[in-house]
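# Structural overview
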Amino acid sequence: MMAENVSLETIANEVGTPAYVYSAATLTRHYQVFEAAISKMDALIAYSVKANSNLAVLALLAKLGSGADVVSGGELKRALLVGIPANKIVFSGVGKTVDEMRDALTADILQFNVESLPELHALNACAKELSMTARIAFRINPDVSAGGHEKITTGKAENKFGINIDQAEAAYAEAANLDHIEITGIDMHIGSQIDTLAPFKTALLKGIELIKTLRAQGHNIRTFDFGGGLGIPYSENENTPPLPELYGEMISKATQGLDVKMIFEPGRMIAGNAGILLTKTIYVKKGSVRNFIILDAAMNDLIRPALYDAHHNIEPVKFSNNGAPTQIYDIVGPVCETGDTFAKQRELPEIEAGDLITIHSAGAYGAVQAGQYNTRPLIPEVLVSGDKYEIIRARPTVEDILKTEHIPDWV
Ligand code: LLP
């Protein structure tokens with residue numbers, strides 16, 4: 001198996017395993033597919049940095065013209081560092097701190113997506129201190145159920161996100177009275193890994209209605225940030241998410257004549273299937289009821305199966321299709337928890353210790369959600385383009401981890 005024109009075996013030998021491997025060509029293709037899908041609208045793509053925030057990935061997307069959706073001061077710094085223009089950056093998130101607001105105001109970002117009235121007032125105060133005006137959209141929670149898993153749905157009234165749609169008019173009226181706030185639009189993000197158009201459509205129509213109401217009340221609504229959330233195929237057996245083209249067409253039709261600039265915050269759609277986790281088999285253990293492939297990657301490197309019961313396709317790097325014998329395996333990591341399981345009861349060609357394995361669809365919410373549980377250093381990230389590749393985040397050593405800790409004299 002190759003990543004573009006580079007053999008995964010070469011990467012494993014030279015970089016070591018486990019490692020994340022991303023394809024520049026696939027990142028580019030996904031970006032351009034999305035761009036084409038929304039090309040009939042006046043629209044900005046603000047890539048959702050949280051999906052994969054590696055500087056090289058951001059730099060590549062910046063070069064393609066992408067803006068950024070950031071949710072922390074750290075992500076803002078990344079976006080600015082790779083040269084994403086401030087007027088293409090939106091700042092989302094329920095708990096922006098005053099320090100983060102100050103940094104984003106100073107950078108003069110396009111828009112704050114404000115999620116509560118206390119946040120609105122904090123932002124107004126912060127902007128006043130800097131003698132600036134903050135451009136805002138309220139994130140509206142449309143009370144629509146969507147998303148692949150309970151832990152990643154965001155658009156229901158009981159979720160922590162946004163202003164409930166029935167409180168929106170009052171919120172806009174309050175914002176209009178503040179001297180250092182300029183209302184520019186509305187914002188929504190209803191969930192992630194959404195695999196049908198229906199919830200998008202329901203939310204979109206609610207948003208369009210709201211824009212009309214707000215305009216009738218005298219607010220100058222110019223942008224409609226529709227968030228991210230478009231799902232990607234993780235396996236052949238799941239629902240196939242709608243093609244970006246259909247998503248774009250639906251939105252373009254519904255917003256025709258509305259005279260708003262659309263903002264989209266895709267994350268997974270761009271990065272998810274542009275990356276794999278490359279890992280090596282440490283042992284194959286034949287139990288009395290199950291066979292286990294024990295990998296050198298673990299839940300701390302890719303937490304999605306443990307956290308969301310997420311399915312990832314798993315394949316050996318070397319395999320032949322000509323009827324090689326197969327086995328049913330549980331595929332697990334070495335961390336001391338039963339939850340450290342990537343997949344149960346998967347049929348794979350017979351695997352031996354030392355065999356390289358790929359875990360697919362790991363480009364989004366993989367490396368960014370990694371941790372160092374069990375004192376396992378973060379794993380490297382590699383970017384491939386054609387026949388070249390480079391390490392875009394180095395593997396820290398255990399010493400690097402230990403250096404940050406300190407034993408007080410009085411212990
Ligand atoms: N905009 C906002 C405000 C968001 O909160 C998110 C994702 C996105 C955009 C991008 O959504 P996407 O296009 O990637 O679906 N860790 C979970 C996913 C959490 C998504 C959080 N918000 C997972 O691994 O499935």
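Going by the structure above, here's the rest.
Residues numbered from 1 in each chain as written. Predicted model: local features only at pLDDT ≥ 70, side-chain atom pairs only at ≥ 80, totals over all residues. Heavy atoms only, no water.

Glancing now at the nonpolar core. Judged by nonpolar contacts, the single largest core of 97 residues is most densely connected at Phe112, Ile136, Phe138, Phe224 and Phe226. Here this core takes 7 residues from helix H8 (residues 198–216), the largest share from any one element. No fewer than three residues from each of domain 1 (92–264) and domain 2 (273–403) sit in this core. Of all hydrophobic cores here, the second largest spans 14 residues; its members include Ala12, Ile276, Val382 and Val384. (Core = buried A, V, L, I, M, F, W, Y, C linked by side-chain atoms within 4.5 Å. Buried < 20%, exposed > 50% of the residue type's maximum accessible area, 1.4 Å probe, protein only. Helix = DSSP H or I, 4+ residues; strand = E, 2+ residues; numbered from the N terminus. Domains from an automatic or database assignment.)

For the rest of this paragraph, the subject is helix H6 (residues 117–129). Count 3.6 residues to each turn of an α-helix, and residues three or four apart come out pointing the same way. With 13 residues, H6 should reach 18 Å at 1.5 Å per residue; the first-to-last C-alpha distance of 19 Å fits that figure. Every buried residue belonging to H6 is among Glu119, Leu120, Leu123, Asn124, Cys126 and Ala127, and all of these are buried. Buried residues of H6, viewed axially, fall in a sector of 165 degrees; they line one side. The exposed set on the far side of H6, more than 90 degrees from its buried face, consists of Pro118, Lys128 and Glu129. Structurally, H6 contributes buried residues whose contacts are with helix H5 (98–107), strand S7 (111–114), strand S8 (134–141), helix H7 (168–176) and strand S10 (181–187). Capping of H6 at its N-terminal end is provided by Ser116; its side-chain oxygen lies 3.2 Å from the backbone amide nitrogen of Glu119. Downstream of H6 by a residue or two, Ser131 has a phi angle that is positive, lying close to 50 degrees. (Expected span 1.5 Å × (residues − 1). Arc of directions from axis to C-beta. Contact = heavy atoms within 4.5 Å. Polar contact = N/O pair within 3.5 Å; in protein donor to acceptor, adjacent residues only side chain to side chain.)

Another point: the site of the ligand. In the vicinity of the ligand there are 19 residues, among which Ser192, Glu265, Arg304, Tyr308 and Tyr365 approach most closely. In this structure, an oxygen atom belonging to the ligand sits 2.4 Å away from a side-chain N or O atom of Ser192. The protein chains hide 92% of the 590 Å² of surface that the ligand would expose on its own. Of the domains in this structure, domain 1 (92–264) and domain 2 (273–403) are the two that each give at least three residues to the shell around the ligand. (Near = heavy atom within 4 Å. Areas by Shrake-Rupley, 256 points an atom, 1.4 Å probe, with all protein chains shown as cover.)

With that settled, consider the side chain of Asn54. Mapped onto the fold, Asn54 is located in the loop between strand S4 (43–48) and helix H3 (55–63). Residue Asn54 is classed as buried on the basis of its relative accessible area of 6%. Polar contacts involving the side chain of Asn54 include one to the main-chain carbonyl oxygen of Ile392, which spans 3.2 Å. Apart from residues no more than four positions distant in its own chain, Asn54 is found in contact with Arg78, Glu381, Ile392 and Arg393.

One pass over the structure, following the stated rule, counts 9 aromatic pairs. Ring centres of Tyr20 and Tyr22 lie 6.3 Å apart, and the angle between their planes is 25 degrees; on these two criteria the pair is classed as stacked. The pair formed by Tyr20 and Tyr22 is uniform in burial state, with each residue classed as buried. Feature note: the residues Phe34, Phe200, Phe224, Phe226, Tyr247 and Phe264 constitute an aromatic cluster, connected by ring pairs. (Phe/Tyr/Trp six-rings, centres within 6.5 Å; stacked < 30°, edge-to-face > 60°.)

Another aspect to go through is the pairing of strand S3 (residues 19–23). For S3, the tally of buried residues reaches 5 of 5 residues, placing the bulk of the element in the interior. With burial as the criterion, each face of S3 is covered, one bearing Ala19, Val21 and Ser23 and the other bearing Tyr20 and Tyr22. As judged from the 4 bridges shared by S3 and strand S13 (residues 275–286), these two strands associate in the antiparallel manner. Across the sheet, the residue bridging to Val21 is Ile276, located in S13. (Pairing = 2+ DSSP bridges.)

On the surface, Ile407, Trp410 and Val411 cluster together into a nonpolar patch covering about 460 Å² of accessible area. Positionally, Ile407 belongs in the segment after helix H12 (398–403). Overall, Ile407 belongs to the exposed group, its relative accessible area being 65%. (Patch = residues over 30% accessible without salt bridge, like charges linked within 9 Å, V, L, I, M, F, W, Y side chains within 5 Å. Salt bridge = Lys/Arg side-chain N within 4 Å of Asp/Glu carboxyl O.)

In the segment running from Thr17 into Pro18, the intervening peptide bond is cis, with an omega of -10 degrees. Here Pro18 shows up in the loop between helix H1 (8–15) and S3. A positive phi is found at Asp309, a non-glycine position, where the angle reads about 50 degrees. In this structure, Asp309 sits in the loop between helix H11 (304–308) and strand S15 (314–316).

Don't take any of this as a statement about function, it's just geometry.
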